[in-house]
Amino acid sequence: MDVVWSFFPYDEKRGVPAAEPHPALVFETTEFRDGEYAVKVAYGTSNVTRAERAQHFVVSNWNALQFAGLNKETFFDLGRFKWLPWRSEFFASPDLDKYPTPVIGRILGDGQAVLRYVIEQRRAAGLVVP
């Protein structure tokens, strides 16, 4: 499961890319037209005041952060996900020297098991899931 830089739209209705990139967690990809792809991603933030831990997938372990390409504790909002076209206006590196592609890292096996658990808990509580 990949972590990417995304200009995830702040205004969900208009679908305009955000001004600054945030990490996003990739759940699914699809080819919607010949040679054109879309990616289902969940919004990520390190702003802990905006996030409730129990409802999100949190990457905070030092090793998990390193593999995910993150430099600080990050919350992925599992209630805020969206299909976005795989285009540079939505997915691009903020620093090509440090991140040559929008893909910055991966969630490994243990992290994926935790993510599955959090999704199951959200589903059982009647919350939306990606």
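To be clear, the structure that these remarks concern was listed above.
Heads up: these notes are all about the structure in this document.

Here is what the cut-offs are and how they apply
Residues numbered from 1 in each chain as written. Predicted model: local features only at pLDDT ≥ 70, side-chain atom pairs only at ≥ 80, totals over all residues. Heavy atoms only, no water. Helix = DSSP H or I, 4+ residues; strand = E, 2+ residues; numbered from the N terminus. Rg over C-alpha atoms; globule rule 2.2 N^0.38 Å. Buried < 20%, exposed > 50% of the residue type's maximum accessible area, 1.4 Å probe, protein only. Expected span 1.5 Å × (residues − 1). Arc of directions from axis to C-beta. Contact = heavy atoms within 4.5 Å. Salt bridge = Lys/Arg side-chain N within 4 Å of Asp/Glu carboxyl O. Pairing = 2+ DSSP bridges. Axes fitted to C-alpha atoms, helices over the stretch in contact; angles between N-to-C directions.

Time to look at the overall build of the protein. Secondary structure assignment for the protein yields 2 helices and 6 strands. Listed by position from the N terminus, the elements making up the protein come as β-β-β-β-α-β-β-α. Computed over its C-alpha atoms, the radius of gyration of the protein comes to 14 Å, within 12% of the 14 Å expected for a compact globule of 130 residues. Structurally, the protein occupies a C-alpha span of about 35 × 35 × 30 Å along its principal axes. With 130 residues in all, the protein has 38% of them scored as buried.

Time to look at helix H2 (residues 109-124). Between the first and last C-alpha of H2 there are 23 Å, a value that for 16 residues agrees with the 22 Å anticipated at 1.5 Å per step. Taken together, the buried positions of H2 are occupied by Leu-115, Val-118, Ile-119 and Arg-122. An end-on view of H2 places all buried positions within 100° of arc, on one side of the element. Exposed and facing more than 90 degrees away from the buried side of H2 are Asp-110, Tyr-117 and Ala-124. Check the buried side of H2 and you find it contacts strand S2 (22-33), strand S4 (56-59) and strand S5 (74-85). Directly after H2, the chain includes Gly-126, whose backbone phi takes a positive value near 80°.

With that settled, the discussion passes to the pattern of salt bridges. On inspection of all chains with the given rule, the structure shows 4 salt bridges. Arg-33 is the partner of Glu-36 in a salt bridge, and the nearest nitrogen-oxygen pair spans 3.4 Å. Residue Glu-36 is classed as partly exposed on the basis of its relative accessible area of 26%. Salt-bridge contacts for Arg-87 lead to Glu-36; the nearest nitrogen and oxygen are separated by 3.0 Å. Here Arg-87, found in the loop between S5 and strand S6 (103-106), pairs with Glu-36, found in strand S3 (residues 36-45); they are 51 residues apart in sequence, far enough to count as distant. Using a relative accessible area of 34% as the deciding quantity, one classes Arg-87 as partly exposed. Each of Arg-33, Glu-36 and Arg-87 takes part in salt bridges that share partners, so that together they form one network.

All right, on to the sheet that holds S5 then. Strand order across the open sheet formed by 6 strands is S4-S5-S3-S2-S1-S6, with antiparallel pairing between neighbours. Of all the strands in the sheet, just S4 and S6 have a single pairing partner and so form its edges. Across this sheet, the average inter-strand angle for adjacent strands is 45°, counted without regard to direction. Summarising the sheet, S3 and S5 pair through 8 bridges and their orientation is antiparallel. Residue pairing across strands places Ala-38 opposite Pro-85, the latter belonging to S5.

The values are spatial; any link to function lies outside them.
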